[in-house]
Structures are given as structure tokens and as C-alpha cells.
Amino acid sequence: MTAAARVVTTALLIGIANHAIGAATGLHALRYVMGTWCDLVVLNSSPNAEAVEASFQEIARLERVMSNWDAASEVSALNARAGNGPQPVSTDLAAVVREATDLCSLTAGAFDPTVGSAVHAWGFDTESPRKPTSERARQAASPVGCDRIRVQTEPPAIALERGTRIDLGGIGKGYAVDRALAVLRAHGVTRAKLDFGSSSLGFVGQIDGGWPVVVADPRNRDRPLVSFRVSEGSVSTSGQREHSFIRNGQRYGHIFDPRTGLPVQSRLLLVTVIAPDAGLADGLSTALFVMGSTEGARLVSTLPDTAAIFVEERAGHDVTIVTAGRVDDLTRLDR
């Protein structure tokens, strides 16, 4: 899984830290999973260390299912069998791919899990991305499309047309957050915050005043840009400055427009989505980055309990912030 633009949660603000961590009534744990750091804070009065460990183990298990960086993962094995008809898969792989194809329909193809062939042609599934020839890029874009994938859930199976490759980088972290939070709830955890790779956040329960979130400036991730509060649900941010390269003065990032098979070129620097669950937030933030603020805001206005923040670059090294839906206590911090 590739990391999206940096999002910093402020769950360690003095008020929360004194109440939960400093007062020894909570539990804070950090693990390196799916190629990034995962930060978990449990605020129960009697924190459950077994629950924390089980949630991290769930994420590690799902990495073996969804990672395109692992040639031995389940999705890699499925991609290798593209064109051979329906293939038996795990319940998890069928579920996350079903979520992804539903998002493809919702966004009219702005989010598409079959973009893997294009991502591979540009090398964004490696440590050394590069610009392919025009012919190679065109060939890689041809097997992209949700009509090239069929998912059945009982029994779980997926069929890919020949040449099609699934890439779950735009939704995998969100799915893992949802599953990890489900594990916490099953262990009796009633209040917790999971910060996955500083791009996907999930919350169990509520805190007084709402969970505070700070989004970093995509031009300088050590500088905060905006803050807001979330009563419950999940938050995801997508941007591509941190995973990009420049050739002949042009920046190319890892977020692709599946409709063209090419990296997105726009004034958008990042999109943050607040949604009821992390899978939706993760996939939708990717789709809205592809769609742009105008079209994306129209879609968000049709979705219940969902909001978005669009950060666009302007002349003079300034940014403009556009919102859609309700964002509580939104404050700009760079002024």
C-alpha cells in the first residue's frame, strides 16, 4: 500500500493527553504495518492490551491479502490468474473488491480498483516510478475498467479479464481500519482512535467536543493547514506530492484517473473526506481527487453524513480551501 498525503491527528493535544495518557487511564501503542506506522490510542478506563494486539494482528493479516507490494499476497496471486475465469478468494478479498466496485459505480469510474496495470506501467508499485513511453502507457490503460471484473460473495470468487490487475492502494488502508476497529469493539473497547499511516483515521465512540483532527499543509507536512472536529466515523486524506516524481519540469503523482489511465494533473493538492466508515472515506478521497472540487462537491452533497475538504493551489504559492457537507469547527491554521 502506498501512503497518501500526510494527515496529523491531534489526539495527543494536552486536554486529551492529560485525561487519557498522562493520567494512566488509557493505552497508547505504535506498530509498523503495511509499510507505514499505525498509531492506536485506547481511552477506556481499563484498557485492554489483548484488544490492541489483536487489532494490529488483523491489519498484518489483511496486508497478506491486499498488498500489491507483496508478490505472495492473495491479490497478487489473483492478478497472476487474470483471464482464467472465476477464482476462489477469501471473504476479505471479495468484500474489499466489492466495496471498490461499488465505489466505481458511485463515482462513474473516478475510482476503479482495476487501475493496477497503469500503476504498474508507471512503476508506482515500486520504489522507482518512471514515465513510460506513450505506447506503453496506452497499452496499460486499455485493460482498466470496472466492467472487466466480476465479484461473487457466496462462495467468494473473483474473475478478471486477461491483462486486468487489481490495485487496492486507494481503499485498502480504509478497509483495514474498519476491520481493526471491529476487532476493538468485539473486545469491549468503547473509545479509541486509530491513525493509520497518517492518511486514514478511524474512531470508536465519542469524546467531549469531538475528536480533533489537524491536516498538514501538503507543501510542507511539518506545518498544520486546517483543523476540525469529528464526532465519530472516519477521516481519510488523499494527495500525491509525497509519492511523485518530476520529469522535464512536470510532476507525476501516484493517483491515476482510471478513465484515462494517466496520473491526475490538476490544481488540487489534497482532499480530505469525513465519512461513516473508513473504507468509504479512503476510496472517496481518492475519487474526489480525480474528480476535482466542483464535480466532487456535487457528489458529496448527495451522500449522507459525508463531508470533504478540497485544498487547491493558487498563484503566488497560496492555497484555497473548498468544503462540501458539514465540517465542524473548521479552522485555517496557516495564517
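Calculation notes
- Residues numbered from 1 in each chain as written.
- Predicted model: local features only at pLDDT ≥ 70, side-chain atom pairs only at ≥ 80, totals over all residues.
- Heavy atoms only, no water.
- Buried < 20%, exposed > 50% of the residue type's maximum accessible area, 1.4 Å probe, protein only.
- Helix = DSSP H or I, 4+ residues; strand = E, 2+ residues; numbered from the N terminus.
- Pairing = 2+ DSSP bridges.
- Disulfide = S-S within 2.5 Å.
- Salt bridge = Lys/Arg side-chain N within 4 Å of Asp/Glu carboxyl O.
- pLDDT = per-residue confidence, 0-100.
- Contact = heavy atoms within 4.5 Å.
- Axes fitted to C-alpha atoms, helices over the stretch in contact; angles between N-to-C directions.
- Patch = residues over 30% accessible without salt bridge, like charges linked within 9 Å, V, L, I, M, F, W, Y side chains within 5 Å.
- Areas by Shrake-Rupley, 256 points an atom, 1.4 Å probe, with all protein chains shown as cover.
- Parallel < 35°, antiparallel > 145°, perpendicular 65-115°, else oblique.
- Nonpolar A, V, L, I, M, F, W, Y, C, P; charged D, E, K, R; others polar.

**Description of the pairing of strand β7 (residues 192-196)**
The buried fraction of β7 amounts to 5 of the 5 residues, a majority that puts the element mostly inside the structure. The side-chain alternation of β7 yields two buried faces, one formed by Ala192, Leu194 and Phe196 and the other by Lys193 and Asp195. As judged from the 5 bridges shared by β7 and strand β8 (residues 200-204), these two strands associate in the antiparallel manner. Counted as the bridge partner of Phe196 is Ser200 from β8. Between the antiparallel neighbours β7 and β8 lie 3 residues, among them Gly197 with a positive phi of about 65°.

**As for the state of the cysteines**
This structure, assessed with the given rule, holds 1 disulfide. With its sulfur 2.0 Å from that of its partner, Cys104 forms a disulfide with Cys146. Sign of the S-S torsion, about 125° for the bond between Cys104 and Cys146, identifies this disulfide as right-handed. Residue Cys104 is found in helix α4 (residues 91-106), and its partner Cys146 is found in the loop between α6 (134-141) and β5 (149-153); the two are separated by 42 residues along the sequence. Using a relative accessible area of 7% as the deciding quantity, one classes Cys104 as buried.

**Some details on the pattern of salt bridges**
Applying the stated criterion to the full structure yields 14 salt bridges. In this structure, Asp257 and Arg259 form a salt bridge, with 2.9 Å as the shortest nitrogen-oxygen distance. Residue Asp257 is classed as buried on the basis of its relative accessible area, which comes to 14%. The salt bridge partner of Asp318 is Arg332, with a shortest N-O separation of 3.3 Å. Separated by 14 residues along the polypeptide, Asp318 in strand β18 (residues 318-324) and Arg332 in strand β19 (residues 328-332) bring together distant segments of the chain. We classify Asp318 as partly exposed; its relative accessible area is 25%. Overall, Arg332 belongs to the partly exposed group, its relative accessible area being 22%. A single network of salt bridges, built from pairs that share partners, joins Glu58, Arg61, Asp92 and Arg179.

**Some remarks on the pairing of strand β3 (residues 36-42)**
Most of β3 is tucked away: 6 of the 7 residues are buried. Two elements, strand β2 (residues 27-33) and β3, share 7 bridges in a ladder whose sense is antiparallel. Along β3, the bridge assignment pairs Ala29 with Leu40. Taken together, β2 and the strand that follows it, β3, pair antiparallel across an intervening segment of 2 residues, in which Met34 is found at a positive phi of about 50°. Two strands pair when backbone bridges link them, and β3 and β7 are joined in this way by 5 bridges, in the antiparallel orientation. Residue Val41 lies in a different strand from β7, and its bridge partner there is Lys193.

**A word on the confidence of the model for the protein chain**
Mean pLDDT for the protein chain: 89, with 92% of residues reaching 70 or above. Note that residues 1-24 has pLDDT below 50 and, in this model, 71 contacts with residues that lie over four places away or in other chains.

**Regarding the environment of Leu333**
Along the chain, Leu333 turns up in the segment after β19. On the basis of relative accessible area, Leu333 is assigned to the partly exposed category, the value being 35%. Leu333 sits 89 residues away from Ser244 along the chain, and the two C-alpha atoms are 26 Å apart.

**Considerations on the environment of Thr320**
Relative to the elements of secondary structure, Thr320 occurs in strand β18. Residue classification places Thr320 among the partly exposed positions, given a relative accessible area of 22%. Placed 218 residues apart in sequence, Thr320 and Asp102 show a C-alpha to C-alpha distance of 31 Å. In this structure, Thr320 is in contact with Phe310, Val311, Glu312 and Arg314, ignoring residues within four places of it in sequence.

**With respect to the sheet that holds strand β11 (residues 233-239)**
By definition, the strands of a sheet pair up through backbone hydrogen bonds, in either a parallel or an antiparallel sense. What the 8 strands build is an open sheet, ordered β2-β3-β7-β8-β11-β16-β17-β18; its pairing is antiparallel. Each edge of the open sheet is held by one strand with a lone partner, namely β2 and β18. On average, each strand axis in the sheet is tilted by 10° relative to the strand beside it, whichever way the strands run. Across the sheet, helix α8 (residues 278-291) lies against β8, β11, β16 (268-275) and β17 (307-314), angled at about 150° from β16, the strand it touches most.

**Quick notes on a nonpolar patch on the surface**
The grouping of Leu30, Tyr32 and Trp37 at the surface amounts to a nonpolar patch, some 360 Å² of accessible area in total. For Tyr32, the position within the fold is in strand β2. The class for Tyr32 is exposed, based on a relative accessible area of 51%.

**As for the packing of helix α7 (residues 172-186) against α8**
α8 packs onto α7 with a crossing angle of 170° between their chain directions and a minimal axis gap of 7 Å. In terms of axis orientation, α7 runs roughly antiparallel to α8. Between α7 and α8, the residues in contact are Gly172, Lys173, Gly174, Tyr175, Val177 and Asp178 and Ala278, Gly279 and Asp282, respectively. In the contact of α7 with α8, the residues fall into 3 nonpolar, 3 polar and 3 charged.

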